[in-house]
Amino acid sequence: MSDEKKIVLTGMQPTGLLHLGNFLGAAHNWQKMLDQYTCYFFIPNQHAITIHQVPANLRHATLNCVAQYIACGLDPNRCTIFVQSHIIGHTELAWILGCLTPLGQLYRMHQFKDKSAKNESIYSGLLYYPILMAADILLYNADFVPTGEDQRQHVELARDLAEKFNTTYSETFTIPMPLIEKTGARIMSLKSPECKMSKSDPDSSATIYITDEPKVIQKKIAAAVTDSGSKISANPKYQGIANLLNIYCAATEITLADGEEKFKTYAAYAPFKKEVAEALIALLEPVQKKYQAIKDDKKYLQSVIQKGSETVQPIAHHTLSKVYRKIGFLER
Ligand code: TYM
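Residues numbered from 1 in each chain as written. Predicted model: local features only at pLDDT ≥ 70, side-chain atom pairs only at ≥ 80, totals over all residues. Heavy atoms only, no water.

Focus on the packing of aromatic side chains
Here a ring pair, both rings aromatic, is described through the centre-centre distance and the interplanar angle of the planes.
In step 1: Under the criterion given, the structure shown has 13 aromatic pairs.
In step 2: Measuring from centroid to centroid gives 5.0 Å for Phe 263 and Tyr 266, while their planes differ by 90°, and the two rings are edge-to-face.
In step 3: A network of ring pairs unites the aromatic residues Tyr 40, Phe 42, Phe 82 and Tyr 140 as a single cluster. (Phe/Tyr/Trp six-rings, centres within 6.5 Å; stacked < 30°, edge-to-face > 60°.)

Below, the structure is given as structure tokens:
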């Protein structure tokens, strides 16, 4: 019975094409959860504006993100896909949770520190970002939040805030658990393997996008930075090669130990890189086909998020009414 299923909620910012980190660290794992859990996948466009976005680009990227979700296997008949700003409740709950969050805890968030170091003008939305994320999760009483490693601290804040609300008022929120895979959860740049792969990297050869053609994938992997050795190792000391091995293992769903075993007789990096590229090409082929088939079908994509809103708005409304009652807001 779907009512007894645990709840999964997660999302990706609509800020351009998904890259291999978003895919292996996130979307590729999400599609495996559709039957076991009640799944809510949303598009956090309110998070996206913590960094300036060109309005027309944001509009396009939001609908395009729906197409990419579906292309990655998030079948809208087996899960719910919605847009954050369509739902009344996320920012409202965030305000309330913000009133329970010490400022120091926000200043300590790694992502705030990284992003604020890169941007000249820092707006308060960037600092507030993790509270909005906690609201996204708690509004639907999610049991599990599957993400890459970089979001762990944010999910931990959501746990803290749920516990704090429950003890300050009374039992209200489910305490969410992060779900982070062993491989794929931290895919690094192909050019600077000490940094994570990111959409905002100005060097496009450092990032593989899920729409990259086979030739482009081969070229990027062949040119990926490695060390001056020949051992295929998962040891983080060999950052470049460990990253490629991690990519291979996440793509073919084997453990790092099995990956090391498989390649232990390889005497050079080139044949290994060839196999990594081939594994990615095979994995991304069906995603690319699906994406091409639906990306321009605005009517269909709109219908998916319309249905998503209809499913989740009553849930958000229910949680918010409960929270308002508990904190002492008069009912309307
Ligand atoms: P975002 O849009 O930065 O990333 C989306 C997902 O991709 C994962 N990811 C990676 N995984 C492995 N290696 C990488 N290099 C890599 N880069 C990104 C992220 O961990 C994430 O799972 N704050 C979130 C969006 C969000 C959210 C939420 C997520 C808003 N509210 C509520 C879960 C629940 C973000 O910016 O993800």
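A closer look at the packing of helix H1 (residues 20-30) against helix H10 (residues 239-252)
In step 1: Running from N to C, H1 and H10 point in directions that differ by 40°, and their axes come no closer than 11 Å. Classified by the angle their axes make, H1 and H10 are oblique. For the pair H1 and H10, the crossing hand works out as left-handed. For the pair formed by H1 and H10, the contact residues are Leu 20, Leu 24 and His 28 on the first element and Ile 247, Ala 250 and Ala 251 on the second.
In step 2: Taken together, the residues of the contact of H1 with H10 break down into 5 nonpolar, 1 polar and no charged. (Axes fitted to C-alpha atoms, helices over the stretch in contact; angles between N-to-C directions. Helix = DSSP H or I, 4+ residues; strand = E, 2+ residues; numbered from the N terminus. Parallel < 35°, antiparallel > 145°, perpendicular 65-115°, else oblique. Left-handed = near helix turned anticlockwise from the far one by under 90°. Contact = heavy atoms within 4.5 Å. Nonpolar A, V, L, I, M, F, W, Y, C, P; charged D, E, K, R; others polar.)

Digging into the layout of surface pockets
Which parts of space are left empty comes out when a probe the size of a water molecule is rolled across the atoms.
In step 1: Approximately 340 Å³ is the volume attributed to the second largest pocket.
In step 2: Considering the residues around the second largest pocket, the lining is formed by Ile 88, Gln 313, His 317, Leu 320, Ser 321, Tyr 324, Arg 325, Phe 329, Leu 330, Glu 331 and Arg 332.
In step 3: Of the residues assigned to the lining of the second largest pocket, the class counts are 5 nonpolar, 3 polar and 3 charged. (1 Å grid on protein atoms, 1.4 Å probe; cavity = no way out; pocket = protein on both sides within 12 Å on 5 of 7 lines; lining within 4 Å. Points joined across faces, edges and corners; volume = space filled by probe spheres on them.)

Observations regarding helix H13 (residues 298-327)
In step 1: The end-to-end C-alpha distance of H13 is 41 Å, a good match for the 44 Å that 30 residues give at a rise of 1.5 Å each.
In step 2: A maximum bend of about 30° is found in H13 at Val 312, where proline Pro 314 lies one to four positions downstream.
In step 3: Among all positions in H13, only Leu 301, Val 304, Ile 305, Gly 308, Ser 309, Val 312, Ala 316, Thr 319, Leu 320 and Val 323 are buried.
In step 4: Just downstream of H13, Gly 328 is the residue with a positive phi angle, here 100°. (Expected span 1.5 Å × (residues − 1). Bend = angle between axes of the 7 residues up to and from the residue. Buried < 20%, exposed > 50% of the residue type's maximum accessible area, 1.4 Å probe, protein only.)

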